[in-house]
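Residue strings, one per chain:
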Amino acid sequence: MDLRRRPPKPSHRNHHLLKQPQKPSSAAIRRSPSPAPKASDALPLPLYLTNAIFFTLFFSVAYYLLYRWRDKIRSSTPLHVVTLSELAAILSLIASFIYLLGFFGIDFVQSFIARASHDAWDIEDEDETRFLLNQDHRPAPCLNSSISTSVSRFMDPPAPLPSQDDEDLVKSVVSGDIPSYSLESRLGDCHRAASIRREAVQRLTGRSLAGLPLDGFDYESILGQCCEMPIGYVQIPVGIAGPLLLNGCEYSVPMATTEGCLVASTNRGCKAIYASGGATSVLFRDGMTRAPVVKFPTASRASELLFFLEEPANFDTLAVVFNKSSRFARLQKIQCSLAGRNLYIRFSCGTGDAMGMNMVSKGVQNVLEFLQDEFPDMEVGGISGNFCSDKKPAAVNWIQGRGKSVVCEAMISGEVVEKVLKTSVSALVELNMIKNLTGSAIAGALGGFNAHAANIVSAIFIATGQDPAQNIESSHCITMMEAINDGKDLHISVTMPCIEVGTVGGGTQLASQSACLNLLGVKGACRESPASNSRLLAAIVAGSVLAGELSLMSAIASGQLVKSHMKYNRSIRDMSTVTS
């Protein structure tokens, strides 16, 4: 969001309360304290050296005095009779004690003072808020009326920023003098920009972001490509499922999720597949799509371009124009659909190891500019006309595919079904028929003829830096189960026509996501065989979905679904204590 928003204008009833910026209240002064100077700031030596010196001095003179006093006691010398060296030692002991007390003791005492002041501020804030609300009976902006009573106070006093310069920047962002989005370019320090923006958001909204981590993230790595105006990052646990035995190779599959039982269930499916000899996958289509919409004065004129694009002799020319956009972009086919005087053109192309949305869009732009010379009356309505179709469930993707189209299968022995999955082959086949096939048909599902493919796809997407929104079409899946070998064994397969993944670009280059891709052996682009890494990642996604489908269907068939979730997906922690 853009933080250049101005605060709302005061009403005529409380205008006199907010009109005098020259004379702020004492509470307002306390809420924006400038950083207090520390005594250590004036020391000529680094702080750790100064501490070492005084620690050494304190224990040395203490030992010396104890040694001297023991000698005096043995020789019956009065203790109050001191020599010059003993006097210097006593003064050194007092000086070092004062320093250590000031360094370690004052902050401890001030913490109690700050806590008492914090409570006093809360009470004063409530009084001020109640007074302002009484002056103007309208509810506070951006607050839900059902909870406005419990959150009607201002936020806790913000922690002092490292310097007065940062405090001034925060005030400028809050007032709108400096746009929030320009902090990175102005400061040249992405972490500092995120810190200032975070504080500005807290002051603008009156809500704390204390639980959102800020430190420990490389904000430089997302600049200009992953996320704009960051104020922190969200932590999602990553579990590991496997080994998944797929096409003769073993893979440990990272899954980022907050849903209990998901990783454990997928892991059980991997165990059953492994015990039965592994799974096999085949990629039968690979092409990312983009479909612009163009308009003409008449429908007949739009049909002329349709005939031009469907002419095989013109495809080679358009492919040359399209392929100039990238070393890896390769135009595969063009499909057109006419609606009145609007023509929707669906381009499909190979994109190497990248997911390829930007690549195909650039190639489409080149083709449109070329066609503009041949058809000057053509008007481009939009680079995307939703005939692609991206981030939406669509029959065109379900039927014709988008991204990687993969089928994955495995033959599970009856013994494994009984011992590992705790059910029977006949129960699984019947449940798949009445649930995944018939049940989904009754619901009018589009690409949803499965138990929970989206669960596994989303978890792997987040862990490996894919676009989570493309889970919508990437989770299109039909799960098939058949009894084979006279009903003794189970044949299970998943067919997924539009898995949209890449191993370069976007979030794949972030440190955590890159590590997960490296775990799978598909990090970056494959120079020897372009597109092989992204295709292998799509196969791993399909294999993991196969394992997840097998395990969940077995849990439902054996009646263990609710029991397992109650056992492993229910927290026993006192959440009221945790949140406080």
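Residues numbered from 1 in each chain as written. Predicted model: local features only at pLDDT ≥ 70, side-chain atom pairs only at ≥ 80, totals over all residues. Heavy atoms only, no water.

With omega at 5 degrees, the peptide bond leading from Gly242 into Pro243 counts as cis. Assignment of secondary structure puts Pro243 in strand S1 (residues 238-246). For the bond from Cys388 to Ser389, the omega torsion is 0 degrees, close enough to zero to count as cis. Structurally, Ser389 can be placed in the loop between strand S7 (379-382) and helix H12 (395-400). The phi dihedral of Met229 is positive, around 50 degrees, even though this residue is not glycine. Among the structural elements, Met229 can be located in the loop between helix H7 (190-205) and S1. One non-glycine residue, Lys391, lies in positive phi territory at about 60 degrees. Along the polypeptide, Lys391 turns up in the loop between S7 and H12. (Helix = DSSP H or I, 4+ residues; strand = E, 2+ residues; numbered from the N terminus.)

When pLDDT is averaged along the chain, the result is 84, and 78% of the positions lie at 70 or above. Here residues 1-42 is a poorly scored stretch, pLDDT under 50, and it has 50 contacts once near neighbours within four places are set aside; other chains count. Note that pLDDT drops below 50 for residues 116-157; the model gives that stretch 43 contacts with residues more than four away or on any other chain. (pLDDT = per-residue confidence, 0-100. Contact = heavy atoms within 4.5 Å.)

Bringing the side chain of Gln466 into the picture now. One can find Gln466 in the loop between helix H15 (453-464) and helix H16 (471-474). Of note is the side chain of Gln466, whose polar atom sits 3.3 Å from the backbone oxygen of Thr464. Looking at Gln466, its side chain comes within polar contact range of the main-chain nitrogen of Gly502, at 2.8 Å. Dropping the residues within four chain positions of it, Gln466 is found in contact with Phe461, Glu500, Val501, Gly502, Thr508, Leu517 and Leu537. (Polar contact = N/O pair within 3.5 Å; in protein donor to acceptor, adjacent residues only side chain to side chain.)

One number sums up the size of the second largest pocket: a volume of about 1,400 Å³. Around the second largest pocket, the lining is made up of 48 residues, and of these Cys226, Gly465, Gly507, Leu510 and Gln513 lie nearest the centre. Residue assignment for the lining of the second largest pocket shows that the elements contributing at least two residues are helix H11 (357-374), H15 and helix H17 (511-520). Considering every element that reaches the lining of the second largest pocket, the biggest residue donor is H17, with four residues. Here the residues of the lining of the second largest pocket sort into 24 nonpolar, 18 polar and six charged. (1 Å grid on protein atoms, 1.4 Å probe; cavity = no way out; pocket = protein on both sides within 12 Å on 5 of 7 lines; lining within 4 Å. Points joined across faces, edges and corners; volume = space filled by probe spheres on them. Nonpolar A, V, L, I, M, F, W, Y, C, P; charged D, E, K, R; others polar.)

Throughout the structure, instances matching the rule amount to seven aromatic pairs. Aromatic side chains Phe322 and Phe347 sit 6.2 Å apart centroid to centroid with 15 degrees between the ring planes, which places their arrangement in the stacked category. Taken together, the positions of Phe322 in helix H10 (residues 312-323) and Phe347 in strand S6 (residues 342-350) put the pair 25 residues apart, joining distant regions of the chain. Taken as a pair, Phe322 and Phe347 share a single burial class, namely buried. Taken together, a centroid distance of 6.2 Å and an interplanar angle of 25 degrees make the contact between Trp398 and Phe449 stacked. (Phe/Tyr/Trp six-rings, centres within 6.5 Å; stacked < 30°, edge-to-face > 60°. Buried < 20%, exposed > 50% of the residue type's maximum accessible area, 1.4 Å probe, protein only.)

Position of Ser544 relative to the elements: it lies in helix H18 (residues 532-557). Take Ser544: its relative accessible area is 1%, and that puts it in the buried class. Note: C-alpha distance between Ser544 and Cys270 (274 residues apart in sequence) is 7.5 Å. Setting aside anything within four residues of it in sequence, one finds Ser544 in contact with Leu244, Val253, Thr266, Ile456 and Ile460.

The geometry of H15 relative to H17 is characterised by a closest axis approach of 7 Å and an angle of 115 degrees between their N-to-C directions. Classified by the angle their axes make, H15 and H17 are roughly perpendicular. Every residue of H17 that contacts H15 at Ile462, Ala463 and Thr464 is listed here: Ser512, Gln513, Cys516, Leu517 and Leu520. A breakdown of the residues in the contact of H15 with H17 according to their chemical character gives five nonpolar, three polar and no charged. (Axes fitted to C-alpha atoms, helices over the stretch in contact; angles between N-to-C directions. Parallel < 35°, antiparallel > 145°, perpendicular 65-115°, else oblique.)

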